[in-house]
Amino acid sequence: MCIKKTRAIFVSAAALVIFVLSGFGAFAKDAEMQELKDAFDASVAVEGKRVGDYELIDQDGRRFTLSDYFKGSGGPLVVSFIYTSCPEVCPTITARLKSAADNARAKFGERFRVLSVGFDAENDTPAALKHYGLKYTKDFASFTFASASPETAGKMTEDFGFFWKKKADGSFDHIDMVTVVNGDGVKNKQDYSNRTQGATHGSRHEELL
């Protein structure tokens, strides 16, 4: 599937949901504002590039590789990064992404899939991800939750342009973002929360996922 077609399909689905929270919270310091802007710019820079291949473990303990999604006539894949102990932002992202995915699937069929990867490798075990995922879906074939080794989590988030930083209290600052990957494994488009866009003064004012 070509990039242009995949983008058009997803933008239609994206209008169904708007994220309302930012993982960074209120940025009061110039240094923090710059950090978010740099994270935003880095995420935009990876659009149009092919994803790497990574070994992951799904919520049921099955190993798979990211390239499995792009074999044959794979459809659009939406990738999000979450951590299971997140008190508010990640659950909001996941719930609204699930709603958007359900509506998109009704229009475009089962080839539309979602993958949420836990980036807190120490705590985001398959069991923790299944407990987290069951709050949103029982259909793990189309909405999969996956754990990664610390090395894989680091490389994959960098590949996708996803910024995250562990804080002293064990929680994380992170950019609010999901990545649309087309059937050829190319990162087609990043979608952001309203607050991430506002904080970075970005020029991309399209309807967000």
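Heads up: the structure comes first, above all this text.
For every chain, the first residue of the written sequence is number 1, and numbering continues from 1 along that sequence. Local features in this predicted model are restricted to residues of pLDDT 70 or higher, and side-chain atom pairs are both shown and tallied only at a pLDDT of 80 or more, whereas totals for entire chains, interfaces and linings draw on every residue. Hydrogen atoms and water are omitted, and side-chain values are computed over all heavy atoms in the structure.

K.L.:
What should I look at first to understand the overall build of the protein chain in this one?
P.N.:
Each helix and strand counted, the protein chain has 6 helices and 9 strands in total. Looking at the protein chain residue by residue over its 209 residues, the buried ones come to 54%. What makes two residues a contact is simply this: any of their non-hydrogen atoms within 4.5 Å. Sequence separation of 24 or more characterises 72% of the internal contacts of the protein chain that already satisfy a separation of 6 or more. Using a 1.4 Å probe, accessible areas were evaluated by the Shrake-Rupley method; residue-level cover was limited to the displayed protein chains. A total accessible area of about 9,400 Å² is found for the protein chain, and carbon and sulfur atoms account for 52% of it. Only DSSP runs of H or I covering at least 4 residues are called helices, and only runs of E covering at least 2 are called strands; the numbering of each starts at the N terminus. A 1.4 Å probe rolled over the protein chains alone gives each residue an accessible area, and that area as a share of the maximum for its type sets the label: buried under 20%, exposed over 50%, partly exposed in between.

K.L.:
Sorry, what's going on with the pattern of salt bridges here?
P.N.:
Close approach of charged atoms allows side chains with opposite charge to pair. Each reported salt bridge corresponds to a side-chain nitrogen of Lys or Arg within 4 Å of a carboxyl oxygen of Asp or Glu. For the coordinates displayed, the defined rule picks out 11 salt bridges. Where D60 meets K130, a salt bridge forms, and the shortest distance between an N and an O atom there is 2.6 Å. In this pair, D60 sits in the loop between β1 (55-58) and β2 (63-65) while K130 sits in helix α4 (residues 126-133), placing the two residues 70 residues apart along the sequence. For D60, a relative accessible area of 34% gives the class partly exposed.

K.L.:
How do you make sense of the side chain of S142 when you look at a structure like this?
P.N.:
On the secondary structure map, S142 appears in the loop between α4 and β5 (143-147). Classification of S142 by relative accessible area gives buried; the value is 4%. Those residues within four positions of S142 in sequence are excluded, and the remaining contacts are R105, E110, R113 and V114.

K.L.:
What is the right way to look at helix α5 (residues 150-159) in this model?
P.N.:
Counting along an α-helix, one turn takes 3.6 residues, and residues three or four places apart therefore face a common direction. Among the residues making up α5, those that are buried are T152, A153, M156, T157 and D159. For α5, the arc enclosing every buried residue in end-on projection is 155°, short of the 170-degree limit, so these residues lie on one face. In α5, the exposed positions that point more than 90 degrees away from the buried face belong to P150, E151 and E158. In this structure, the buried residues of α5 make contact with β1, β3 (77-82), β4 (113-118), β6 (164-166) and β9 (187-192). Just past α5, the residue G161 takes up positive phi, approximately 75°. Here the arc refers to the directions that run from the helix axis out to each C-beta atom.

K.L.:
How should I be thinking about the pairing of β9 in this particular structure?
P.N.:
Each regular strand shows side chains that alternate between the opposite faces of the sheet. Within β9, 6 of the 6 residues are buried, leaving the element largely enclosed by the surrounding structure. Where strand β8 (residues 177-181) and β9 come together, 5 bridges link them in antiparallel fashion. Of the residues in β9, the one forming a bridge with V178 is D191. Whether two strands pair depends on DSSP finding at least two bridges between them. Here β8 hands over to β9 after 5 residues, with G185 in that stretch at a positive phi of 80°.

K.L.:
Any chance you could explain the packing of aromatic side chains here in plain terms?
P.N.:
What describes a pair of aromatic rings is the distance from one ring centre to the other and the angle between the planes of the rings. Side-chain rings of Phe, Tyr and Trp, where Trp is taken by its six-membered ring, are said to pair if the distance between their centres is within 6.5 Å; with planes under 30 degrees apart they count as stacked, over 60 as edge-to-face, and otherwise as tilted. On inspection of all chains with the given rule, the structure shows 14 aromatic pairs. Measuring from centroid to centroid gives 4.7 Å for F40 and Y192, while their planes differ by 45°, and the two rings are tilted. With F40 in helix α2 (residues 30-45) and Y192 in strand β9, this residue pair connects regions lying 152 residues apart in the sequence. Judged by its relative accessible area of 5%, F40 is buried. Taking the centre distance of 5.2 Å and the plane angle of 85° together, the rings of F119 and F172 count as edge-to-face. Residue F119 is found in the loop between β4 and α4, and its partner F172 is found in strand β7 (residues 172-174); the two are separated by 53 residues along the sequence. Residues F119 and F172 agree in their burial class; the two are buried.

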